[in-house]
Amino acid sequence: MSPSPARRLLRRTGALLAAAPLLAAPTLLVGALPAQAETPAVAAAAATGTRTVDVAVNELSPSAPVDGDTLTIKGKVTNEGRQTVTDAHIGLRVGTSYGGRTAVDEAAKNGTGGTPDGSEVASKYAEKFAKLEPGVTQDFTLSVPVKALNLGADGVYQISAALMGQTAAAPYQQTLGIQRTFLPWQPDAAGTKTKTTVLWPLISETGLTAETGTNETQTAVFGNDDLAEEIAPGGRLQQMLALGSSLDVTWVIDPDLLASVDAMTEAYKVKGANGRLTSGRHQAVANEWLKDLQAAVQHRKVVTLPFADPDLASLAHNGTKVTGSLSHLKDATDAAVKAVDTILHVTPDASYAWPVEGAVDRDIVKVATSAGANKIITRSDSLGESDSLSYTPSAARPIGGGTTAVVADARLSTAFQGDMTSAERSTLAVQEFLAQSLMLDRQTDRARTALIAPQRTPTASQAQTMAKAVAELQGGTWTQSQSLSATASAKPDPGATTRVPSTRAYPSKLRKQELPQAAFEQIQATQRELENFKVVLTDESRVVTPFGRAVDREMSTSWRGRTAESDGFRTGVSEYLSGLTEQVSLIDKSEVKLSGRSATIPVSVQNNLWQDVDHLKLRLTSDNGTRLKIGDGASQDQEVTITSGHSQSVKFTTTAKATGPVWVYAQLLTEDNQPYGKQIAFQVDVTEVTPTVMLVIAGGVLLLVLAGFRMYTQRKRAAAEKADEPEEPGTEGTDAADGSDDSDGPRDDAESAAQEKPEDDAASPARADVPQQPSDPMADTASESTAPSGTGERVDR
């Protein structure tokens, strides 16, 4: 009898419950195995698959072949598995063409792994390997005639170098490694070529400090010698110059770089970490680099950035909150034109602004145009594209107010970011760049323009990759080079986006790198101190020029991501300026004692600068004008002019109304009554001699005179009486014998003292070259009056 349905269900449930522990056991056992003891199945999986062997394509030429060419691919294969690969060969595969720029983007993300695409070209072009040991790398070269690729219509094709082989765990032919890339195919000239502009930036981190030598030529002082390495043979800037000279590019130059290299052509100093200055030794390198640059830019378009490449986004978002910050941008633009014209002997175009990474918003546009720029270099990933267009529009876009946005293509402009030291990365970047350029041209038959604005400071390897890609592009069949000015003035596409993003749309990643508002506040504090300092100088250019350019460098884009270095540079500029202003200062003064109702108080001013100072006045103020008047009131001003390296003693006439201590304050002021330097304070102690005391002193002197006169008359009388007495026997000639004088009598004590006193002790005049006050320097201070002081006047420090 067959069991009922209910009973059959009960039996099945019991069987499953009984088998559950047995099914779970293998899983538990595998999980309990140590990591070193893999099962044969796991080892086989690690030794097979399309990522077992790493395939690196290090060279592909020509990058954009035409009919009759032979495509050569060179690279390396490395067995990254744990089993030896045998019976292997690497061949070239050709896939289908791509349908648009987005398809190229997606393919670039999947360069390795996955199922091989397309079919392999004839095996006779493959390279064979008997075996590939684990961890071993071997070179390969594939040379295939273009006609063997069987390419169809014009476009961008996927090609790949794929390694086939087998292992002990999988003894059959399979794809163990693959590397995909792009092959632009446009053998004949395109019907409509894209007019392309390539920016070639010469920009570097700031190196010059505000400090200069105290000599006549004001020797430049660098914070480090990094710039010398960049312009030396093999250095980044030397390669940028050499590579750009052979290309049709628009030079974009930071004048601060030119000024720095120009300063290096003469004697210069380098400040070490300990603050010590050493002499720079790269004058020959600087001269050679400048000479090569002058030759490269002749009859070429040169665009200048404002001096030191100010961070426009930081100014727009944080600097405008500080009064006066925008004025620096206009000064930097004016200084830029002058520097380029003077050093390179070409007239630059200063009508362009280039925010960081081409990211713009409405505030950035306002700031950029405030200094005179009417063209903003932006990027398509910032301004955006119109959904109504099926193709990439031309670069120029009117954005209102007579301003043009020149929009760089984001894909082409960012193609060379990242590490390009690897030959594989460099080769793949070039192929992707060319593929995107060809796909852009093939989007439509409309005549269009394209702008390529790469990173501001590419590394040497990035520059080499850029140069190779641009050279291939300019030698290709689908683009035509033109200047930036031609691109900016081209007719825009009617459907292109012209709306500038709001401030909220600015990328947060870039905003985090901006200079904070506190930085601009510090910059303005330095500027105020500079304005106050320059008015007292007879040659303000020695200070205004280096510090004006230093303020520009404080706002440089090169400080992004370098907060500590930025803070240190601003602090160094501020401290150095403060040190200079303190070279003109008041000499400290100790307590002054005044005896009498009127007296003169000297105050000394020292000038240790290498130039004369003028337009200064010294104000002396009494905190109690009733007790001690200075001049005609509680304070008095006197003009001060001091020659270089000297001091001057300024004297103030004072009148005391009562005895006792009074605080007096001395302060240097500019002509517009702005305080200059530190104020000094000292105490004046007035000690008046009263009439009663004078009478007592006079009475005492009279008594002394009368007593002396009485003694004198008594002696005269005694001498006369002695002369009238008869001489005793035996006393004749005694006076002569004992040396006595034959005068009328003994000499007066006062007369004797007068004869014994040295002549030049009382009668010699005061020496003019001896300081009359302890604060007066011996050699620097002019001679004061040698006339005797007035009655009752005494001034002590």
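The structure this text deals with has already been given above.
Bear in mind that the values here come from a model prediction, so they are computed numbers and not experimental data.

A. Seen up close, the overall build of the protein chain. Check the secondary structure of the protein chain and you find 23 helices and 31 strands. A burial count over the protein chain gives 44% of its 797 residues as buried. At a minimum sequence separation of 6, the contacts of the protein chain that also span at least 24 residues come to 78%. For the protein chain, the computed accessible surface area is about 39900 Å², with 51% contributed by carbon and sulfur atoms.

B. Looking closely at the sheet that holds strand β14 (residues 277-279). Strand order in the open sheet made by the four strands is β10-β11-β13-β14, with mixed pairing throughout. Since the sheet does not close on itself, it has two edges, and those belong to β10 (208-212) and β14, each with one partner. Neighbour-to-neighbour, the strand axes of the sheet open up by a mean angle of 40°, direction not taken into account. Across two bridges, the pairing between β10 and strand β11 (residues 220-222) is antiparallel. Bridging from a neighbouring strand, Leu208 pairs with Phe222 of β11.

C. Spatial organisation of the layout of surface pockets. Considering only enclosed or pocket space, the largest pocket measures out at about 1100 Å³ in volume. Looking at the largest pocket, it is lined by 47 residues, and the ones nearest its centre are Glu205, Thr557, Ser558, Trp559 and Arg562. For the lining of the largest pocket, the secondary-structure elements that each account for two or more residues are β10, α4 (226-231), β17 (375-379) and α19 (563-581). Sorting elements by how many residues they give to the lining of the largest pocket places α19 first, with six residues. Considered class by class, the residues forming the lining of the largest pocket number 16 nonpolar, 18 polar and 13 charged.

D. Just helix α18 (residues 541-554), in detail. If you check α18, its first and last C-alpha atoms are 20 Å apart, about what 14 residues at 1.5 Å a residue would give, namely 20 Å. Of all 14 residues in α18, eleven are buried, a share of seventy percent or more. Of all the residues in α18, the buried ones are Arg542, Val543, Pro546, Phe547, Gly548, Arg549, Ala550, Val551, Asp552, Arg553 and Glu554. Buried residues along α18 sit against β10, α6 (255-264), α9 (325-344), α17 (517-534) and α19.

E. Structural detail: the sheet that holds strand β6 (residues 137-145). Strand order in this open sheet of three strands is β1-β2-β6, and the pairing throughout is antiparallel. Strands with a single pairing partner mark the edges of an open sheet, and in this sheet they are β1 (53-61) and β6. This sheet shows a mean twist of 25° between the axes of neighbouring strands, independent of strand direction. As paired elements, strand β2 (residues 70-79) and β6 share nine bridges and run antiparallel to each other. Directly across from Leu71, in β6, lies its bridge partner Val144.

F. View of the environment of Gln524. Here Gln524 is to be found in helix α17. For the pair Gln524 and Thr323, spaced 201 residues apart in sequence, the C-alpha separation works out to 8.0 Å. Aside from chain neighbours lying at most four places away, what touches Gln524 is Val322, Thr323, Gly324, Ser325 and His328.

G. Focus on the packing of α6 against helix α7 (residues 283-297). For the pair α6 and α7, the least separation of the axes is 8 Å and the interaxial angle reads 135°. In terms of orientation, α6 lies oblique with respect to α7. Crossing hand, α6 versus α7: left-handed. Contact with α6, carried on its side by Leu257, Leu258, Val261, Asp262 and Met264, involves Gln283, Ala286, Trp289, Leu290 and Leu293 of α7 and no other residues of that element.

Rules and cut-offs
- Residues numbered from 1 in each chain as written.
- Predicted model: local features only at pLDDT ≥ 70, side-chain atom pairs only at ≥ 80, totals over all residues.
- Heavy atoms only, no water.
- Helix = DSSP H or I, 4+ residues; strand = E, 2+ residues; numbered from the N terminus.
- Buried < 20%, exposed > 50% of the residue type's maximum accessible area, 1.4 Å probe, protein only.
- Contact = heavy atoms within 4.5 Å.
- Areas by Shrake-Rupley, 256 points an atom, 1.4 Å probe, with all protein chains shown as cover.
- Pairing = 2+ DSSP bridges.
- Axes fitted to C-alpha atoms, helices over the stretch in contact; angles between N-to-C directions.
- 1 Å grid on protein atoms, 1.4 Å probe; cavity = no way out; pocket = protein on both sides within 12 Å on 5 of 7 lines; lining within 4 Å.
- Points joined across faces, edges and corners; volume = space filled by probe spheres on them.
- Nonpolar A, V, L, I, M, F, W, Y, C, P; charged D, E, K, R; others polar.
- Expected span 1.5 Å × (residues − 1).
- Parallel < 35°, antiparallel > 145°, perpendicular 65-115°, else oblique.
- Left-handed = near helix turned anticlockwise from the far one by under 90°.

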